Amino acid sequence: MDYTTEFTGRDMIKVTDRVIIASGIEPRSRALPAVQLLSNGDLIVAYRDASTHPFGVETIIDDGVVAIVRSIDHGRNWNEPRTICALPGWDCAGGRSMVQTPDDSLLMFLMKARRSVPDKKVSAVYPVRSYDYGQTWTDFGPELALYPGGWTEPNTTGYMSVLSDGRWMMPAYGSDSLTGQTFPCVAFSNDEGETWTGRSAIAKSRVGITFYEPSIIRLRDGRYLAIVRTMDPPYTSYQTYSVDEGETWSVAMPVSFRGQTPFLFELQSDVIMCAYRDMTPDRFGVAASVTYDDGVTWNYVGHIYEGKDWNCGYPSLIRLQDMQLFCVYYTCYEDGNSEVHGAFVEHA
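Residues numbered from 1 in each chain as written. Predicted model: local features only at pLDDT ≥ 70, side-chain atom pairs only at ≥ 80, totals over all residues. Heavy atoms only, no water.

1. Focus: the overall build of the chain
The cut-off we apply is this: Put simply, DSSP marks the helices as runs of H or I at least four residues long and the strands as runs of E at least two long, and each gets a number from the N terminus on. Taken over C-alpha atoms, the radius of gyration is set against a globule rule of 2.2 Å times the number of residues to the power 0.38. Each residue is placed in one exposure class: buried if its accessible area under a 1.4 Å probe, protein chains only, is under 20% of its type's maximum, exposed if it is over 50%, and partly exposed if it falls in between. Note on definitions: a residue-residue contact is assigned when non-hydrogen atoms from the two residues lie within 4.5 Å. Areas reported as accessible are Shrake-Rupley estimates using a 1.4 Å probe. Residue values count occlusion only from the protein chains shown. In summary, the charge assignment counts Lys and Arg as positive and Asp and Glu as negative, without counting His or the chain termini. In this description, the location of a charge corresponds to atom NZ of lysine, CZ of arginine, CG of aspartate or CD of glutamate.
Counting its secondary structure elements, the chain contains 0 helices and 26 strands. Over its C-alpha atoms the chain spans a radius of gyration of 19 Å, differing by no more than 12% from the 20 Å that the globule rule assigns to 348 residues. With respect to the principal axes defined by its C-alpha atoms, the chain has extents near 50 × 50 × 40 Å. Relative to its 348 residues, the chain shows a buried fraction of 58%. For the chain, restricting intrachain contacts to residue pairs at least 6 apart in sequence, the fraction spanning at least 24 positions comes to 50%. As displayed, the chain has an accessible area near 14,400 Å², and 51% of this comes from carbon and sulfur atoms. One way to put it: in the chain the 29 positive side-chain charges average out to a point 3 Å from where the 44 negative ones average out.

Shown next as C-alpha cells:
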C-alpha cells in the first residue's frame, strides 16, 4: 500500500508512514485522541475507549473509559493501553484535553457523562494531573463549570497558552443550559490551572450557524488566532482574532475550508497549518490547510487521512525530535469499530 501523500504549496509536505496506535479484535469505539511528546522522550496518546460511539449512532452505552498508550521509540511501536479513568454507569472521556503545562506536568480534563437517556443527559468535567510523565494521575480536582447550569467542554489543543501577566488561557465551549445556545470561549487561570475564573466569548452563535470547539494559536505579532467549528451545513470553519490576549475577539468570519475539530500548529515562522475533519462532500477524512499570512488566506494542501464518511478525525499534532510531524487521529467508525492511528509527516 502506498502510504505517501504529497501536498503542494510553498512547502512540500509528505505523509511517509502510518502506524496503528490503538486497535483490537473486538469492535470498539476508540476515538477522541490527543498526543504529547514528553520531556523524557516518550510519546503518550490518551483516548476514549467504549463499546459504542459518542455520536452518529442510534444507541449509546455509558461505559466509555479513558485509556493511555505509550511509545518509547518515537511513535513506531506502542504498548498495551492502560485505563486511567473508568466510572461504572458513566461515559468517561477527556483524552483530547490533555495538555502540557509550563512546569512540565500533564493536565487533563476528564468528563463523566450519561448520554444513554436523551432527556436526562448530564455531564461534569474535572481536572487531573500527572507529575510522572503520565504514569500516575491525581484524584479529581474541583469541577470545571465555565457554563453554570449547562455543560462545559475544554478544548486544550496540545499546549497551554501563557499570557504576558502569567495567567493561563484555555479554549473551551459549551452552553449555559442543557438545551441552550452553544458558544466557544477562552477561560483564564490565576493559579496555574487549579481554578478557572471568567470567560471571554470567542464567537456567538447566530441564525443558521452554531459554533462549537475552537483552536487557538499565538501569532508572531502577539495576536491570537482562533479557528472555530460550525455544526450547520455546509460546515464552513470560521476564524477570529484577539489583540488583547483573549479578553475580546473580532467578529468571526468564514474561511475557505469546511472543517470540524480544528487543530492549529505552527510549521515555521511564517506558516501555520490547521488540521481538521474535512466536511467537504466526497472528500472526507483528516485534511490540512495552511496560511502564509496569519489567516488572511488559506490554502488546502491535502489529506493526512482519507475516510469513507465524516465520522473520524480529531487530529492532534506534535513535532518529533527529528523535526518530523506526527499526527494522531481516529479512523472512520464502521461496523461498530474505530481505531486510533498516527501519521508521520515531513515538510520542507
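Having put the structure on the table, let's press on.
2. Comments concerning the sheet that holds strand 16 (residues 211-218)
Within a sheet, adjacent strands bond to each other through the backbone by hydrogen bonds, running parallel or antiparallel. Spelled out, the test is: Note: two strands are recorded as paired if DSSP finds a minimum of 2 bridges between them.
Overall, antiparallel pairing links the 4 strands, which are arranged 16-17-18-19 in an open sheet. Looking at which strands have only one partner, the edges of the open sheet turn out to be strand 16 and strand 19 (253-254). In this structure, strand 17 (residues 224-230) lies alongside strand 18 (residues 238-242), joined through 5 bridges in antiparallel fashion. Counted as the bridge partner of V228 is Y238 from strand 18.

3. Section: empty space enclosed by the protein
The condition that has to hold: Here a cavity means grid points, on a 1 Å grid over the protein atoms only, where a 1.4 Å probe fits yet cannot get out; a pocket means an open set of points with protein on both sides within 12 Å along at least five of seven lines; lining residues are those with an atom within 4 Å of a point. Grid points are joined across faces, edges and corners, and a volume is the space filled by probe spheres set on the points.
Summed over the entire model, instances satisfying the criterion amount to 4 cavities of 30 Å³ or more. Each pocket or cavity is described by its volume, and for the largest cavity that value is around 120 Å³. Contributing to the lining of the largest cavity are 14 residues, with R96, N155, T157, F263 and P315 lying nearest its centre. Elements with a minimum of two residues in the lining of the largest cavity: strand 2 (29-37), strand 20 (259-268) and strand 24 (313-319). Space inside the second largest cavity adds up to approximately 60 Å³. T156, T157, Y159, M160, S161, M169, P171 and I216 together form the lining of the second largest cavity.

4. A short note on the packing of aromatic side chains
Working definition: an aromatic ring pair is given by the centre-to-centre distance plus the angle between the planes. Here is the rule we go by: The pairing test for Phe, Tyr and Trp rings, Trp by its six-membered ring, is centres within 6.5 Å, and the orientation test on the planes gives stacked under 30 degrees, edge-to-face over 60, and tilted for anything in between.
In the structure shown here, the tally under the stated rule is 14 aromatic pairs. Aromatic side chains F109 and W196 sit 6.3 Å apart centroid to centroid with 65° between the ring planes, which places their arrangement in the edge-to-face category. Pair noted here: F109 is in strand 8 (residues 106-114) and W196 is in the loop between strand 14 (182-189) and strand 15 (197-201), with a separation of 87 residues, a long-range link. For the pair formed by F109 and W196, the shared burial category is buried. Seen from their ring centres, F326 and F344 are 4.8 Å apart, and the 50° between their planes marks the pair as tilted. Separated by 18 residues along the polypeptide, F326 in strand 25 (residues 325-330) and F344 in strand 26 (residues 340-347) bring together distant segments of the chain.

5. Looking at the environment of I61
Here I61 shows up in the loop between strand 3 (43-50) and strand 4 (65-71). Separated by 220 residues in the primary sequence, I61 and P281 have C-alpha atoms spaced 30 Å apart. Setting aside residues no more than four positions away along its own chain, I61 makes contact with S51 and T52.

6. A few points about the pairing of strand 9 (residues 122-130)
With 7 of 9 residues buried, strand 9 lies mostly within the body of the structure. Where strand 8 and strand 9 come together, 9 bridges link them in antiparallel fashion. Considered in strand 9, the bridge of L107 is made with R129.

7. Focus on the environment of V243
Here V243 is to be found in the loop between strand 18 and strand 19. What makes V243 exposed here is its relative accessible area of 68%. Along the primary structure V243 and G302 are separated by 59 residues, whereas in three dimensions their C-alpha atoms are 31 Å apart. Excluding anything up to four places from it in sequence, V243 contacts R223 and T248.

8. A short note on the nonpolar core
Here is the rule: Nonpolar cores are built from buried Ala, Val, Leu, Ile, Met, Phe, Trp, Tyr and Cys residues. Side-chain atoms within 4.5 Å join them into one set.
In this structure, L267, M273, V290, I304, L317, L325 and Y329 are the most contacted members of the largest nonpolar core, which totals 28 residues. Counting residues per element, this core draws most heavily on strand 25, which supplies 4 residues. Not counting chain neighbours up to four residues away, the residues in contact with L325 comprise F265, L267, M273, L317, I318, R319, A343, F344, V345 and H347. Within the second largest apolar cluster, 17 residues are counted, among which are F109, L146, Y147 and M160.

9. Quick look at the pattern of salt bridges
We apply this condition: By salt bridge we mean one thing: a side-chain nitrogen of Lys or Arg within 4 Å of a carboxyl oxygen of Asp or Glu.
Within the structure shown, the criterion is met by 16 salt bridges. Taking the shortest distance from any N to any O, the salt bridge between R48 and D91 comes out at 3.0 Å. Placement of R48 in strand 3 and of D91 in strand 6 (residues 91-93) is noted, with a sequence separation of 43 residues between them. A relative accessible area of 0% places D91 in the buried class. A salt bridge links R229 to E213; its shortest N-O distance comes to 3.1 Å. One end of the pair, R229, is in strand 17; the other, E213, is in strand 16, with 16 residues separating them in the sequence. Neither R229 nor E213 differs from the other in exposure class; each is buried. Where salt bridges share partners, they join D165, R167 and E247 into one cluster.

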